[in-house]
Amino acid sequence: IACNTSHSAAIFDVITAEIDKIENKPTLLSMPGEVCCSISRNHPGISKIGLMTTNGTYNSGLYKNMLQERGYEVVIPDFIFQNEVIHRMVYDPEIGIKANPTRIADEIWLLCEQAISFFKENNTEAIILGCTEFSLLLKDSEIEGIRIIDSTKCLAMALVAAAKVSTSLV
């Protein structure tokens, strides 16, 4: 499921309960779990990780809890900055990415710069893009010395790996 918020317990538990009722269960990968595995596998020196998410994922604590359980220091903004800068990039009804899927508004780029500055000021070593829309903004693997961890790319790579294993078993 290529949506970070859908992996929060309130949503994901309902999905898995429904899948459990199916005779031929599909394999369901955990997007946040795959992100954490990718970080530990590909970036073993990173210890301080920032979260750039929508409010749904922010409020669920999904990434924060998972990362802290693995020993990472997690950097998140206070809720006002989260809501007025980061969440707004995706959901603002006039300038947000979801409101303008064919063109990213100039104001979004300014908000993105503010977000990157926040993480840089907090000495963040990596930022997890915890919303699939952020992949449209931050395509480089590193910005201003901060590693960018694209959750969508992590999930895609895990799906490819799972497909390779699955086809080799046939």
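Cut-offs used in this document
Counting restarts for each chain, with residues numbered from 1 along the sequence as it is written. For this predicted model, a pLDDT threshold of at least 70 governs which residues receive local features, and a threshold of 80 or more governs which side-chain atom pairs are given and counted, while totals over whole chains, interfaces and linings are taken from all residues. Computation of side-chain values: all heavy atoms of the structure, hydrogens and water removed. On a scale of 0 to 100, pLDDT captures the predictor's confidence in every residue. Helical segments are the DSSP runs of H or I of at least four residues, strand segments are the runs of E of at least two, and each set is numbered from the N terminus. Whether two residues are in contact is decided by their heavy atoms: any pair within 4.5 Å suffices. Multiply 1.5 Å by the residue count of a helix minus one, and that product is the helix's expected span. Exposed residues in this analysis have more than 50% of their type's maximum accessible area, buried residues have under 20%, and partly exposed residues fall in between, with area computed by a 1.4 Å probe over protein chains only. Polar contact is the term for a pair of N or O atoms within 3.5 Å; when the atoms are in protein, one must be able to donate a hydrogen and the other to accept it, and sequence-neighboring residues count only if both atoms are side-chain atoms. Between N-to-C directions, angles cover 0 to 180 degrees, with each direction set by a line fitted to C-alpha atoms, over the stretch in contact for helices. Here roughly perpendicular refers to angles of 65 to 115 degrees, roughly parallel to angles under 35, roughly antiparallel to angles over 145, and oblique to all remaining angles. Crossings are assigned a handedness: left-handed for a near helix turned anticlockwise from the far helix by less than a right angle, right-handed for a clockwise turn.

Across the chain, pLDDT averages 90, with 97% of residues at or above 70. Mean pLDDT across the elements of the chain bottoms out in helix 7 (residues 151-169) (82) and peaks in strand 2 (residues 73-75) (98).

Let's shift gears to the environment of I104. Among the structural elements, I104 can be located in the loop between helix 5 (79-91) and helix 6 (106-121). Apart from the residues within four sequence positions on either side, I104 is in contact with W109, L136 and L137.

As a further point, take helix 5. Between its terminal C-alpha atoms helix 5 stretches only 15 Å, short of the 18 Å expected from 13 residues at 1.5 Å a residue. Taken together, the buried positions of helix 5 are F81, Q82, V85, I86, H87, M89 and V90. Lining the buried residues of helix 5 we find strand 1 (48-53), helix 3 (55-60) and helix 6. One side-chain oxygen of the residue at the start of helix 5 lies 3.1 Å from the amide nitrogen of I80, identifying that residue as D78.

Our next topic: unusual backbone geometry. In this model, N123 sits at a positive phi of 55°, which is unusual for a non-glycine residue. By relative accessible area, N123 is classed as exposed at 56%. With a phi close to 50°, E144 is a non-glycine residue in the positive phi region. Within the element layout of this structure, E144 appears in the loop between strand 4 (142-143) and strand 5 (146-150).

The interhelical angle for the contact between helix 5 and helix 6, taken along N-to-C directions, is 130°, at an axis separation of 9 Å. As judged from the angle between their axes, helix 5 and helix 6 are oblique. Crossing hand, helix 5 versus helix 6: left-handed. Counting all contacts with helix 5, which are made through F81, E84, V85, I86, R88 and M89, the residues of helix 6 involved are I108, L111, C112, Q114, A115, F118 and F119.

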